[in-house]
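# Descriptive structure summary
Residues per chain, in single letters:
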Amino acid sequence: MTAATLKRGARVPRSAQARPASPAGSAAAFGKRRFGKLQAVLAGGVLLVLALAAAIAFGIPQRLWTGFVLWTAARGWEARHVELTGAREQNRLDIYAKVFNGPTNAMLATDLHAMRARLKQLPWVADATVQRRLPDTLLIEVVERKPVALWQMNRQLAAIDITGGVLSRQRLERWNDLPILIGPGANTRAHEALALIAATPLGRDVLAATLVGERRWDLRFKSGEVLALPDRPALAKAALLAFAKLDSQGPQRLLGGHFTRFDLRLPGRMTVAGPAVAQTLAAEEKARRAALQARKI
């Protein structure tokens, strides 16, 4: 071996000095490596996106899902039971027909929103709630519409709800206590008619309301009289309140057989017709003739 001896204070030869790494060179190398990795990641992402797009185009995910759904249905995850609550008037068979009308009864493929929409198409169903109880049961709660009046059209009666929708034309004797709305379009104005009838205590005496000319109401009372009201809702309500006040005053009621018709279409004026009017006119005519006879004598 050979060794070089340095004297104290002598300078180290340049060849023996360590050469520091260039900062610019290290940064450039690191940047190249990082850019290469980024290119690889981007290329892999593009390939993945293309592969997913191709799979979707050929329907592979849908086929896989359909196969999985059928596999679960074959192992018991299929709608076989229905627990139904709230259905009193609506025919249960009609409800089941709306529930089981899809391409499959597999529980995972059941569209609960579409089923609810189909149930709401039934005449009695106002709303419905549909839930799954795995593995094989559907829970259905129905909210039914309520009949509020009977609608008479072309001598036929039908029970209707507050929107005017026809609920039933069968077994109407169950709702004999409901008011009758008569005439074309009377059903669509059920809310207006019922609010008018309920405006006074006379509402319990009203048998029917007839829509005249699709613009105003005639009320028929259970005692047989007819009350003609103005065509504006506010004026009709005021006229009915005034009539109720007159009916409650005096020794005898206006209702009860003395008259057959009351007309309040003109503000502040009431025209009446009926036996009492005929009797009054006959008595006045008799008195007039008696007076004429007395003058001749």
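Parameters and conventions
- Residues numbered from 1 in each chain as written.
- Predicted model: local features only at pLDDT ≥ 70, side-chain atom pairs only at ≥ 80, totals over all residues.
- Heavy atoms only, no water.
- Pairing = 2+ DSSP bridges.
- Helix = DSSP H or I, 4+ residues; strand = E, 2+ residues; numbered from the N terminus.
- Axes fitted to C-alpha atoms, helices over the stretch in contact; angles between N-to-C directions.
- Contact = heavy atoms within 4.5 Å.
- Core = buried A, V, L, I, M, F, W, Y, C linked by side-chain atoms within 4.5 Å.
- Buried < 20%, exposed > 50% of the residue type's maximum accessible area, 1.4 Å probe, protein only.
- Salt bridge = Lys/Arg side-chain N within 4 Å of Asp/Glu carboxyl O.
- Phe/Tyr/Trp six-rings, centres within 6.5 Å; stacked < 30°, edge-to-face > 60°.
- Left-handed = near helix turned anticlockwise from the far one by under 90°.
- Nonpolar A, V, L, I, M, F, W, Y, C, P; charged D, E, K, R; others polar.

## Looking at the sheet that holds strand β11 (residues 261-263)
With respect to topology, 9 strands assemble into an open sheet ordered β6-β5-β4-β7-β8-β9-β10-β11-β12, the strand pairing being mixed. Sheet topology places β6 (166-168) and β12 (271-273) at the edges, where each strand pairs with a single neighbour. Strand-to-strand, the axes of this sheet are offset by a mean angle of 30 degrees, without reference to chain direction. In this sheet, strand β5 (residues 156-160) lies alongside strand β4 (residues 149-153) in antiparallel orientation, the contact comprising 5 bridges. Note that in β5 the partner of Gln152 across the bridge is Leu157. Contacts between helix α5 (residues 190-197) and the sheet are confined to β5, β7 (180-182), β8 (206-212) and β9 (216-221), with β9 contributing the most and set at about 50 degrees to the helix.

## Let's talk about the nonpolar core
Considering soluble globular proteins, one finds that nonpolar side chains tend to be buried as a cluster. Leu181, Leu219, Leu227, Leu229 and Phe243 are the most contacted members of the largest nonpolar core, which has 28 residues in total. If you list the elements that add at least two residues to this core, you get β4, α5, β8, β9 and α6 (233-248). At 5 residues, the largest contribution of residues to this core is made by α6. Apart from residues no more than four positions distant in its own chain, Leu229 is found in contact with Leu196, Arg216, Trp217, Asp218, Leu219, Ala236, Ala239, Leu240 and Arg265. Membership of the second largest hydrophobic core comes to 16 residues, among which are Ala87, Leu112, Val125 and Val142.

## Some words on the pattern of salt bridges
One pass over the structure, following the stated rule, counts 12 salt bridges. We note a salt bridge from Arg116 to Asp127, for which the minimum N-O separation is 2.9 Å. With Arg116 in helix α4 (residues 112-119) and Asp127 in strand β2 (residues 125-133), this pair connects stretches of sequence that are 11 residues apart. Several salt bridges converge on common partners, so that one network encompasses Asp205, Asp247 and Arg253.

## Examining the sheet that holds strand β3 (residues 137-144)
With mixed pairing, the 3 strands of this open sheet are ordered in space as β1-β3-β2. Each end of this open sheet is capped by a strand with a single partner; those strands are β1 (81-85) and β2. Strand-to-strand twist across the sheet, computed as the mean angle between neighbouring axes with direction ignored, equals 20 degrees. Summarising the sheet, β1 and β3 pair through 5 bridges and their orientation is parallel. When the bridges of β3 are listed, Glu83 appears paired with Leu139. Contacts from α4 reach β2 and β3 within the one sheet, and its direction differs from that of β2 by about 150 degrees.

## Focus on the packing of aromatic side chains
Following the criterion strictly, the structure yields 4 aromatic pairs and no others. Here the aromatic rings of Phe221 and Phe243 are separated by 6.0 Å at their centres, their planes lie at 20 degrees, and the arrangement is stacked. Pair noted here: Phe221 is in strand β9 and Phe243 is in helix α6, with a separation of 22 residues, a long-range link. Accessibility expressed as a relative area gives 1% for Phe221, which makes it buried. A relative accessible area of 0% means that Phe243 is categorised as buried. Taken together, Phe221, Phe243, Phe259 and Phe262 form an aromatic cluster joined through their ring pairs.

## Side note on the packing of helix α3 (residues 92-99) against α4
Packed helices, taken two at a time, are described by the angle between their axes plus the distance between the axes. One can describe the packing of α3 onto α4 by two numbers: an axis separation of 9 Å at closest approach and a directional angle of 145 degrees. Note on packing geometry: the crossing formed by α3 with α4 is right-handed. In contact with Ile95, Lys98 and Val99 of α3, α4 contributes Met115, Arg118 and Leu119. Tallied by class, the residues present in the contact of α3 with α4 amount to 4 nonpolar, no polar and 2 charged.

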